[in-house]
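Take a look at the letters that make up each chain.
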Amino acid sequence: MIPLVDLKKQYATIKDEIKKEFDEVLDKQSFILGEKVRQFEQEFAKIHNIDYCLGCSSGTSAIKLALKAVGVGFGDEVITVPNTFIATVEPIIELGAKPVFVDVNSDTYLMNADLIEEKITPKTKAIVPVHLYGQMCEMDKIRKIAKNHNLFLIEDAAQAHLAHYNNESPGYYGDIACFSFYPGKNLGATGDAGAVLTNNKEFYDKMFCLRDHGRKKGEKYKHDYFGTNERMDELQAATLIVKMRYIKKWTRQRQAIAKYYVENLDKDSFKLPTINEKAEPVWHLFVVQVDYRDAYIEVLKKKGIMAGIHYPIPLHLQPALSWLGYKKGSFPITEKASERIISLPIYPELDIKELEGVF
Ligand SMILES: *Cc1c(COP(=O)(O)O)cnc(C)c1O
């Protein structure tokens, strides 16, 4: 049996370290925004070569904090893609703004930079590229467009821990980059957690308040901003501190599995992932296109291999977003991909030997 991810296998390798960290937190009985969170923030910023990090309660909360920090609000438009998880747009809508979609590139399935400008209106406030599957978008092009039109640039890097584009990681090109530590992500917590990275001190200071009921440092019952509770807890930070010791190694292991797939999958049956020459992906998912997808998934299942689909329903065709007014045919590249893509198992603990003979 090869699952899509195997968290138990990973936990077995770090159990003692996690328990030691957890014990420290439990002995202290200090659970929220404490020393572990601060240590996590320093280390996570450092491995990405970005100045500031704030831990928060999920990837969704990270996106919300970022949008609020740059001032996205009622009546604004935010340009993003329909080929992503719904959490990319939930905070946009919650803040009273409207997501405006552009289609993706047919080869990378990532935001097509050439389609952005035609969607910019006087109401456009920000662009949210999504570094899907672990590959960063064409951030040089997208940043230029954002600069030319005075738009904020917020990266959804929920699947792109330690990814690079032109040797820079998320947080370098954008005003703010948003990460998720949902347990199945490349860096996963013991529950929900997220973080924002930024080189902008002003945005950092604002998000610092916004994640904790709008309070400035040291304030208890004075609220300078209208914030919410988006805080990270110490047990999540403790988990992430341990896993960050291995994240570079785990990323290399993912890259080795991706290499195996690229070298061994039959090119007549699979359309392999395309990598931009400037990008260094971290392979959160290994996504290929196949004919007769449903039948193929059954074939794999019989061989004990679990595949996934990311994502079977594009956002513009989601019932919950029908009021946006898009219809079938609005984004043909995304739609066509959504009918043909499958995600093959890829995780650091996956032994390549298990794949030999299957692929
Ligand atoms: C996981 C994910 C999110 C949301 O993260 P949560 O921690 O689950 O809130 C947002 N965007 C993308 C692309 C994701 O994969």
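Going by the structure above, here's the rest.
Described in the following lines is the structure provided in the data block.

Rules of the game
- Residues numbered from 1 in each chain as written.
- Predicted model: local features only at pLDDT ≥ 70, side-chain atom pairs only at ≥ 80, totals over all residues.
- Heavy atoms only, no water.
- Salt bridge = Lys/Arg side-chain N within 4 Å of Asp/Glu carboxyl O.
- Helix = DSSP H or I, 4+ residues; strand = E, 2+ residues; numbered from the N terminus.
- Buried < 20%, exposed > 50% of the residue type's maximum accessible area, 1.4 Å probe, protein only.
- Axes fitted to C-alpha atoms, helices over the stretch in contact; angles between N-to-C directions.
- Parallel < 35°, antiparallel > 145°, perpendicular 65-115°, else oblique.
- Left-handed = near helix turned anticlockwise from the far one by under 90°.
- Contact = heavy atoms within 4.5 Å.
- Arc of directions from axis to C-beta.
- Pairing = 2+ DSSP bridges.
- Nonpolar A, V, L, I, M, F, W, Y, C, P; charged D, E, K, R; others polar.
- Polar contact = N/O pair within 3.5 Å; in protein donor to acceptor, adjacent residues only side chain to side chain.

1. Side note on the pattern of salt bridges
Taken as a whole and judged by the stated rule, the model has 21 salt bridges. Lysine 9 is the partner of glutamate 354 in a salt bridge, and the nearest nitrogen-oxygen pair spans 3.6 Å. Highlighted residues: glutamate 354 in helix α11 (residues 352–355) and lysine 9 in helix α1 (residues 7–28), separated in sequence by 345 residues. Judged by its relative accessible area of 33%, lysine 9 is partly exposed. A salt bridge links glutamate 339 to lysine 328; the shortest N-O distance between them is 3.5 Å. With glutamate 339 in helix α10 (residues 332–340) and lysine 328 in the loop between α9 (293–302) and α10, this residue pair connects regions lying eleven residues apart in the sequence. For lysine 328, a relative accessible area of 61% puts it in the exposed group.

2. A closer look at the packing of helix α3 (residues 59–69) against helix α6 (residues 201–210)
Put simply, α3 and α6 touch, their axes get as near as 9 Å, and they point 125° apart. In terms of their interaxial angle, α3 and α6 are classed as oblique. As for how α3 packs across α6, the hand of that crossing is right-handed. Note on element contacts: α6 touches α3 through Phe203, Lys206, Met207 and Leu210, opposite Leu65, Ala66, Lys68 and Ala69.

3. A few points about helix α5 (residues 139–148)
Residues of α5 that are buried include every one of Met139, Ile142, Ile145 and Ala146, and no others. All buried residues of α5 project into a common sector of 125° when viewed along the axis, lining one side. Facing away from the buried side of α5 by more than 90 degrees, the exposed set consists of Lys144, Lys147 and Asn148. Looking at the buried residues of α5, the elements they touch are β4 (124–127), β5 (152–156) and β6 (164–165). Asparagine 150 lies just past α5 and shows a positive phi near 60°.

4. Some words on the sheet that holds strand β8 (residues 194–198)
On the basis of which strands lie adjacent, the open sheet formed by seven strands has the order β1-β8-β7-β5-β4-β2-β3 and mixed pairing. The sheet terminates laterally at β1 (52–56) and β3 (98–101), the two strands that pair on one side only. Pairwise comparison of adjacent strand axes, ignoring direction, gives a mean angle of 25° for this sheet. Across two bridges, the pairing between β4 and β5 is parallel. Along β5, the bridge assignment pairs isoleucine 127 with leucine 153. On top of the sheet, helix α2 (residues 35–47) reaches β1, β7 (176–180) and β8; it is set at about 130° to β1, its chief contact. Where α5 meets the sheet, its contacts fall on β4 and β5, and the angle it forms with β5 comes to roughly 150°.

5. Observations concerning the packing of α2 against helix α7 (residues 234–244)
The N-to-C vectors of α2 and α7 enclose an angle of 40°; their axes lie 8 Å apart at closest approach. Here α2 runs over α7; the crossing is left-handed. On the side of α2, the interface is formed by Glu35, Lys36, Val37, Gln39, Phe40, Glu43, Phe44 and Ile47, while α7 contributes Glu234, Ala237, Ala238, Leu240, Ile241 and Met244. Partitioned by chemical class, the residues of the contact of α2 with α7 number nine nonpolar, one polar and four charged.

6. What about the sheet that holds strand β9 (residues 270–271)?
Strand pairing in a sheet is mediated by backbone hydrogen bonds. Such pairs are either parallel or antiparallel. Pairing within the open sheet is antiparallel, and its three strands lie in the order β9-β11-β12. Each of the sheet's edge strands pairs with one partner strand only, and the pair in question is β9 and β12 (341–344). Contacts from α9 reach β9, β11 (286–290) and β12, with the element oriented near 20° to β12. Against the sheet, α10 contacts β11 and β12, and its axis sits at roughly 55° relative to β12.

7. Structural notes on the environment of arginine 231
With respect to the element layout, arginine 231 can be found in the loop between α6 and α7. Taking the C-alpha atoms as reference, arginine 231 lies 31 Å from glutamine 253; in sequence the two are 22 residues apart. Setting aside residues up to four positions removed in sequence, arginine 231 forms contacts with Ile32, Leu33, Cys56, Ser57, Arg211, Asp212, His213 and Arg215. Within the structure, the side chain of arginine 231 is placed 2.8 Å from the side chain of aspartate 212, a separation counted as a polar contact.

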